[in-house]
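So the chains spell out like this:
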Amino acid sequence: MADPELAAIRAARMNQLQQESPQSGAQGGEDAAAQRAAEDEMRRGVLARVLDNAARERLARIALVSQDRARQIEAIILRLVQSGQIRGQVTEQQLIDLLEKADDASSRGQPKKGTIVFQRRKGGFDDDDDF
């Protein structure tokens, strides 16, 4: 699906959503919900077009475990698609590489999870000292 086709689909969907909900002051919350639903549908459509089946399955399994992590990876993929850095479909191995890069970027400056960091007092204070 080419970009003009995607833009046409987006425009048609937005027109459909605008016709379904009448424009009034009380409909502001519903308009925002409809806009979020439209954006979510567009996001899923782009991801379905860009990810191959194995990568889509892996992302779905990640979403079962950690919804925030899956949203983060989806946002990264969408940003790469919009900037034109992804031209073909993303394979499962490319998704794994992307996950590792995101994990490395988020864990910089923080000790790894599961590691123990000892903080010792300086000065040699001991409980056996008599004061």
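Structural data are supplied above this passage.
Calculation rules
- Residues numbered from 1 in each chain as written.
- Predicted model: local features only at pLDDT ≥ 70, side-chain atom pairs only at ≥ 80, totals over all residues.
- Heavy atoms only, no water.
- Helix = DSSP H or I, 4+ residues; strand = E, 2+ residues; numbered from the N terminus.
- Buried < 20%, exposed > 50% of the residue type's maximum accessible area, 1.4 Å probe, protein only.
- Contact = heavy atoms within 4.5 Å.
- Areas by Shrake-Rupley, 256 points an atom, 1.4 Å probe, with all protein chains shown as cover.
- Patch = residues over 30% accessible without salt bridge, like charges linked within 9 Å, V, L, I, M, F, W, Y side chains within 5 Å.
- Salt bridge = Lys/Arg side-chain N within 4 Å of Asp/Glu carboxyl O.
- Lys, Arg positive; Asp, Glu negative; His and termini not counted.
- Charge placed at Lys NZ, Arg CZ, Asp CG, Glu CD.
- Core = buried A, V, L, I, M, F, W, Y, C linked by side-chain atoms within 4.5 Å.
- Axes fitted to C-alpha atoms, helices over the stretch in contact; angles between N-to-C directions.
- Parallel < 35°, antiparallel > 145°, perpendicular 65-115°, else oblique.
- Nonpolar A, V, L, I, M, F, W, Y, C, P; charged D, E, K, R; others polar.

What follows concerns the overall build of the protein. Assigned secondary structure in the protein consists of 5 helices and 0 strands. In sequence order, the secondary structure elements of the protein are arranged as α-α-α-α-α. Taken across its 131 residues, the protein has 21% of its residues classed as buried. Within the protein, counting contacts between residues at least 6 apart in sequence, those at least 24 apart form 69% of the total. Here the protein displays about 10,300 Å² of accessible surface, and carbon together with sulfur accounts for 49% of that area.

Quick look at a negative patch on the surface now. Taken together, the side chains of Asp 97, Glu 100, Asp 103 and Asp 104 present a region of like negative charge at the surface. Position of Asp 104 relative to the elements: it lies in helix α5 (residues 92-107). Classification of Asp 104 by relative accessible area gives partly exposed; the value is 46%.

Further remarks concern the pattern of salt bridges. Counted according to the given criterion, the structure contains 5 salt bridges. Note that Arg 71 is salt-bridged to Asp 40, the shortest N-O span being 3.9 Å. Within this pair, whereas Arg 71 is found in helix α4 (residues 67-82), its partner Asp 40 is found in helix α2 (residues 28-50), the two being separated by 31 residues in sequence. On the basis of relative accessibility, which here comes to 23%, the residue Asp 40 falls in the partly exposed class. Of the charged contacts, one joins Arg 58 and Glu 92 as a salt bridge, the two residues approaching to 2.8 Å between their closest N and O atoms. In this pair, Arg 58 is assigned in helix α3 (residues 53-65) and Glu 92 in helix α5, connecting sequence segments 34 residues apart. Taking the relative accessible area as the measure of exposure, Glu 92 reaches 24% and is therefore partly exposed.

Within the largest apolar cluster, 19 residues are counted, with the highest numbers of intra-cluster contacts made by Val 46, Val 50, Leu 51, Leu 59, Ile 73, Ile 77 and Leu 95. Broken down by secondary-structure element, the contributors of at least two residues to this core are α2, α3, α4 and α5. Counting residues per element, this core draws most heavily on α4, which supplies 6 residues.

Okay, the packing of α3 against α5 next. Across the interface, α3 lies against α5 with an axial gap of 8 Å and an inter-helix angle of 40°. Between α3 and α5, the angle falls in the class oblique. Residues Ala 54, Ala 55, Arg 58, Leu 59, Arg 61 and Ile 62 of α3 lie in contact with α5, whose contacting residues are Glu 92, Leu 95, Ile 96 and Leu 99. Taken together, the residues that form the contact of α3 with α5 break down as 7 nonpolar, no polar and 3 charged.

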